[in-house]
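Okay, here's what each chain looks like letter by letter:
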Amino acid sequence: MTPALIDPFARAISYLRVSVTDRCDFRCAYCMTEHMTFLPKAELLSLEELERVCTAFVRMGVEKLRITGGEPLVRKGIMSFFEAMGLQIGRGLKELTVTTNGSQLRKYAQALADCGVRRINVSLDTLDAMKFAEITRWGRLAQVLDGIAAAQEAGLKVKINAVALKGFNEDELFPLVDWCAREGHDLTFIEVMPMGDMGEAQRIDQYWSLDDLRARLAERFTLTDLPERTGGPARYLRLEETGQKIGLITPLTHNFCESCNRVRLTCTGELYMCLGQEDMADLRAPLRANPDDAALEAAIRAAIARKPKGHAFDYSRKTVSGQVSRHMSHTGG
Ligand code: SAM
Ligand code: SF4
């Protein structure tokens, strides 16, 4: 194995998130516009190229790989990529995982488990079928719930990710918590982030601070902060009455960059060293120009050497500052 990837702030980079497509079968209101223009297919890395880049990262010390998008499970032939990455488990890779909207899980949950996936994140903001159709525009709740059931049947541990949206799912805080307790799912709430140009007013309107969400949880439960950190942006608390663990991802109210261990690869081969900054490195050119991986590895090292200290998202002055122009589906959420 080549030496580990260490950034200028002495953070070891052990986690790669890979967006395998910018396309999706949903159009969530906070993520995409209704009529998105997607990248021409020729721009995308082939599945073989994605496999080459990810394998290089594993060789260079990446232990955790999260496959995301867009909706990763709508990319044609994606299971061959999961199979290839599954073979890296035990050869440096410790965890292969996926973030999905759940729509294709009935079809693919067992195949994912067979590739060595053990845990998955499923995004679900509401348990109300009408509201689900409204927020995802094209999604159907029953299909997603059935996909989650298929994941459980396949033995996958499910974590639900819910974006906290003011005036939308505030009234579903306890129903979501109770449903996850009954079903045995972990649950994490995410603050809405300023990704992609969706209009500033709309973004401020959507923002529901997790400090407020936490205060509401405290009205019904005794909360204990848990010390555990996964190197990621989530902080955890335990609801003493149920024993449930709740994650809070708070890029706006609490900065989490000091423990950042991750970088993000887009489906076109751009490497973003920070979700909230515009700087990126093109890995596609060195990948395509050379049949061996020396230039690719050099490009990866050069990119990590300029990983910034942190993002600059800030809502504190009631305007959106630090906004980045990319949609979340491009960088991979
Ligand atoms: N399609 C898959 C899914 O929905 O899980 C994977 C990609 S999606 C971009 C990954 C995560 O990003 C989802 O949990 C989604 O809710 C979240 N997300 C999308 N746009 C966001 C935004 N503007 N702020 C915060 N989270 C966002
Ligand atoms: Fe698709 Fe996921 Fe974005 Fe929703 S959040 S539009 S499911 S990529």
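Placed above this text is the structure.
An account of the accompanying structure is given in this report. (Residues numbered from 1 in each chain as written. Chains lettered and ligands numbered in written order. Predicted model: local features only at pLDDT ≥ 70, side-chain atom pairs only at ≥ 80, totals over all residues. Heavy atoms only, no water.)

### Quick word on the overall build of the protein chain
The condition that has to hold: The helix count covers DSSP runs of H or I at least four residues long, the strand count covers runs of E at least two residues long, and both are numbered beginning at the N terminus. Contacts between residues were defined by any pair of non-hydrogen atoms, one from each residue, lying within 4.5 Å. Using a 1.4 Å probe, the Shrake-Rupley method yields the accessible areas, and only the shown protein chains count as cover for residues.
When helices and strands are tallied, the protein chain shows 11 helices and 12 strands. Taking contacts inside the protein chain between residues at least 6 apart in sequence as the whole, the part at least 24 apart equals 73%. Surface summary for the protein chain: the accessible area is close to 13800 Å², and the carbon and sulfur share equals 53%.

### A closer look at the site of ligand 2
Condition: A single heavy atom is enough: if one lies within 4 Å of a molecule or strand, its residue is considered near that molecule or strand. We call Asp, Glu, Lys and Arg charged. Ala, Val, Leu, Ile, Met, Phe, Trp, Tyr, Cys and Pro are nonpolar, and the rest, Gly among them, are polar.
What surrounds ligand 2 is the set Cys24, Phe26, Cys28, Cys31, Met32, Gly70 and Asn101. In the shell around ligand 2, the residues fall into five nonpolar, two polar and no charged.

### Observations regarding the nonpolar core
Note the threshold: Buried Ala, Val, Leu, Ile, Met, Phe, Trp, Tyr and Cys residues that are joined via side-chain atoms within 4.5 Å together make up what is termed a nonpolar core. Using a 1.4 Å probe on the protein chains alone, a residue whose accessible area is under 20% of its type maximum counts as buried, one over 50% counts as exposed, and one in between counts as partly exposed.
With 99 residues, the main nonpolar core has Leu16, Phe57, Leu65, Phe82, Phe189, Leu217 and Leu271 as its most contacted residues. For this core, the leading source of residues is helix α1 (residues 47–59), giving seven residues. Those residues in contact with Leu65 that sit more than four places away from it in its chain are Leu16, Val18, Cys54, Met85, Leu93, Glu95, Leu96 and Thr97.

### Topic: the pattern of salt bridges
In plain terms, the rule: Within this document, salt bridges are pairs made up of a side-chain nitrogen of Lys or Arg and a carboxyl oxygen of Asp or Glu, the two lying within 4 Å of each other.
Enumeration over the complete set of coordinates arrives at 21 salt bridges. Note that Arg11 and Asp7 form a salt bridge whose closest N and O atoms lie 2.6 Å from each other. Here Arg216 makes a salt bridge to Asp212, at a shortest N to O gap of 3.1 Å. With Arg216 and Asp212 both in helix α8 (residues 210–220) and four residues apart, the pair spans about one turn of that helix. Judged by its relative accessible area of 26%, Arg216 falls in the partly exposed class. Accessibility expressed as a relative area gives 30% for Asp212, which makes it partly exposed.

### Some thoughts on the pairing of strand β10 (residues 262–265)
Put simply, the rule reads: Note: two strands are recorded as paired if DSSP finds a minimum of 2 bridges between them.
What you see with β10 is no split at all: Arg262 and Arg264 on one side and Val263 and Leu265 on the other are buried throughout. When strand β1 (residues 15–19) meets β10, the two strands line up parallel, connected through four bridges. The residue of β10 that forms the bridge with Tyr15 is Arg262. Here β10 pairs with strand β11 (residues 270–272) via two bridges, running antiparallel. Of the residues in β11, the one forming a bridge with Leu265 is Leu271. Here β10 folds back onto β11 in antiparallel fashion, the turn holding four residues, of which Gly269 has a positive phi close to 90 degrees.

### Things to note about the packing of aromatic side chains
Describing an aromatic ring pair means giving the distance of the ring centres and the angle of the ring planes. This is how the line gets drawn: Aromatic rings from Phe, Tyr and Trp, with only the six-membered ring used for Trp, were paired whenever their centres fell within 6.5 Å, and each pair was classed as stacked if the ring planes differed by under 30 degrees, edge-to-face if by over 60, and tilted otherwise.
In this structure the tally under the stated criterion is three aromatic pairs. Seen from their ring centres, Phe81 and Phe82 are 6.3 Å apart, and the 70 degrees between their planes marks the pair as edge-to-face. Aromatic side chains Phe174 and Phe221 sit 6.1 Å apart centroid to centroid with 55 degrees between the ring planes, which places their arrangement in the tilted category. With Phe174 in helix α6 (residues 173–183) and Phe221 in the loop between α8 and β7 (223–226), this pair connects stretches of sequence that are 47 residues apart. The class of Phe174 is partly exposed, set by a relative accessible area of 22%. Judged by relative accessible area, which is 7%, Phe221 ranks as buried.

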